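Inside the fold
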Amino acid sequence: MLHGGKTTIIKIYRCGYCYNNLHRIYKNMPKETIQFPATAILFSHQNNLYLIDTGYSKRVFEYGLKSKIYHKLNPIVYEDSNSLKNQLEADGISNLDIKGIILTHLHPDHIGGLKDFPNSQIIMSEKSYALLVRPKLLDLVFKNLVPVDWMNRLRIIEEKEDDLFQDGTIEVIDLPGHTKDQIGLYFKELKFLYAADATWGIKFIDNQLKFIPKLLQRDYKHFNQTILKLKEYMSNGIKVMVSHEQVDDK
Ligand SMILES: [Zn+2]
């Protein structure tokens, strides 16, 4: 738990994981299979509960051919006890008590559990909104993960807007490259930046991606610029965490 004046990071949840071989992802790496957890973060702001992303759910397996291809490239390990809703319940928190969910981007491991939170405001960047309305194949948006009433519960963070609660506590940071729309959240009081999938691990930040993983980044030039941005935060003593960080790196 990380406490600030108005904000507290209550818990980091791992809602299933995918696995892959480092050797297939990065140049000059050993043949070692590692787990990439699907992370969601529970935090409070002024006594309201919020989530960043929602991890996997069983629905990621239920989107026909797209699910099959995704699972083949990126094998997923998930069981019901891993769902964010069930894990919150085990901690005494009802899914109905979450005021808002901030989506860093729209990949299945980030929006997988969204349908389990019918009361929450759905908060996303202007670019995510544009992608969700008109996704392209490579945007990897599984529409079956999106609640039918999402537009009624939507809050769009406009491009020029970077102060999430208009009180200087949480800054919305643009982190394009992995996807066009990716954002991160910088908790100023906590000196903590959650950087979604800007890299697959802080310890891999200087590793070069191989050809196929490079192709899967929507814009490699921006991907590299975003890495530099993270390094700048880190050099200023700010703790940077990404979604797929290994559990023992927490
Ligand atoms: Zn992603």
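This one's a predicted model, so the numbers in the text were calculated from it and none came from an experiment. (Residues numbered from 1 in each chain as written. Predicted model: local features only at pLDDT ≥ 70, side-chain atom pairs only at ≥ 80, totals over all residues. Heavy atoms only, no water.)

1. Thoughts on the overall build of the protein
Across its full length, the protein holds 7 helices and 12 strands. For the protein, the C-alpha radius of gyration of 17 Å lies close to 18 Å, the compact-globule estimate for 250 residues. Its C-alpha atoms give the protein principal-axis dimensions of roughly 45 × 45 × 35 Å. When each of the 250 residues of the protein is scored for burial, the buried share is 54%. Mean positive and mean negative side-chain charge positions of the protein (33 and 30 charges, respectively) differ by 6 Å. (Helix = DSSP H or I, 4+ residues; strand = E, 2+ residues; numbered from the N terminus. Rg over C-alpha atoms; globule rule 2.2 N^0.38 Å. Buried < 20%, exposed > 50% of the residue type's maximum accessible area, 1.4 Å probe, protein only. Lys, Arg positive; Asp, Glu negative; His and termini not counted. Charge placed at Lys NZ, Arg CZ, Asp CG, Glu CD.)

2. A look at empty space enclosed by the protein
Evaluated as defined, the whole model comprises 1 cavity of 30 Å³ or more. In this structure, the largest cavity occupies an estimated 30 Å³ of space. In terms of lining residues, the largest cavity is bounded by Leu103, Leu106, Ile111, Leu114, Ile122, Met124, Leu132, Val146 and Trp150. When the residues that make up the lining of the largest cavity are grouped by side-chain class, the tally is 9 nonpolar, no polar and no charged. (1 Å grid on protein atoms, 1.4 Å probe; cavity = no way out; pocket = protein on both sides within 12 Å on 5 of 7 lines; lining within 4 Å. Points joined across faces, edges and corners; volume = space filled by probe spheres on them. Nonpolar A, V, L, I, M, F, W, Y, C, P; charged D, E, K, R; others polar.)

3. Observations concerning the coordination of the zinc ion
For the zinc ion, the full set of protein donor atoms is His105 (NE2), His107 (ND1), His178 (NE2) and Asp197 (OD), at a range of 2.1 to 2.2 Å. Around the zinc ion sit 4 donor atoms, and with donor-metal-donor angles ranging over 92 to 168 degrees the site reads as irregular. Coordination of the zinc ion draws on donor residues from a single chain, spaced H-x1-H-x70-H-x18-D in sequence. Within this pair, whereas His105 is found in the loop between strand 6 (98–102) and helix 4 (108–111), its partner Asp197 is found in the loop between strand 11 (192–194) and helix 6 (211–216), the two being separated by 92 residues in sequence. For the pair His105 and Asp197, a shared accessibility class is recorded, and that class is buried. (Donors = N, O, S within 2.8 Å, 3.2 Å for Na, K, Ca; no water. Tetrahedral: all angles 85-135°; square planar, octahedral: opposite > 155°, others 65-115°.)

4. Thoughts on the UniProt feature "domain: Metallo-beta-lactamase" (unreviewed entry) in the protein
Look at the UniProt record and you will see "domain: Metallo-beta-lactamase" (unreviewed entry) annotated at residues 37–244. A distance of 5 Å separates the end C-alpha atoms of residues 37–244, which is 25% helix and 22% strand. (UniProt positions renumbered as here; feature names shortened; annotations may be inferred.)

5. Details of the packing of aromatic side chains
Counting across every chain of the model gives 11 aromatic pairs. Relative to Trp150, the ring of Tyr129 has its centre 6.0 Å away and its plane inclined at 50 degrees; by these criteria the two rings are tilted. A residue pair is termed long-range when its members are at least 10 positions apart, and Tyr129 in helix 5 (residues 126–133) and Trp150 in the loop between helix 5 and strand 8 (154–157) qualify at 21 residues. Under the relative-accessibility criterion, Tyr129 is labelled partly exposed at 27%. Taken together, the ring pairs in this structure connect Phe43, Tyr50, Phe165, Phe187 and Phe192 into an aromatic cluster. (Phe/Tyr/Trp six-rings, centres within 6.5 Å; stacked < 30°, edge-to-face > 60°.)

6. With respect to the side chain of His178
Tracing the chain through its elements places His178 in the loop between strand 9 (170–174) and strand 10 (183–187). Accessibility expressed as a relative area gives 6% for His178, which makes it buried. A polar contact is formed between the side chain of His178 and the side chain of His107, at a distance of 3.1 Å. Within the local environment of His178, its side chain forms a polar contact with the side chain of Gln217, the two groups lying 3.0 Å apart. (Polar contact = N/O pair within 3.5 Å; in protein donor to acceptor, adjacent residues only side chain to side chain.)

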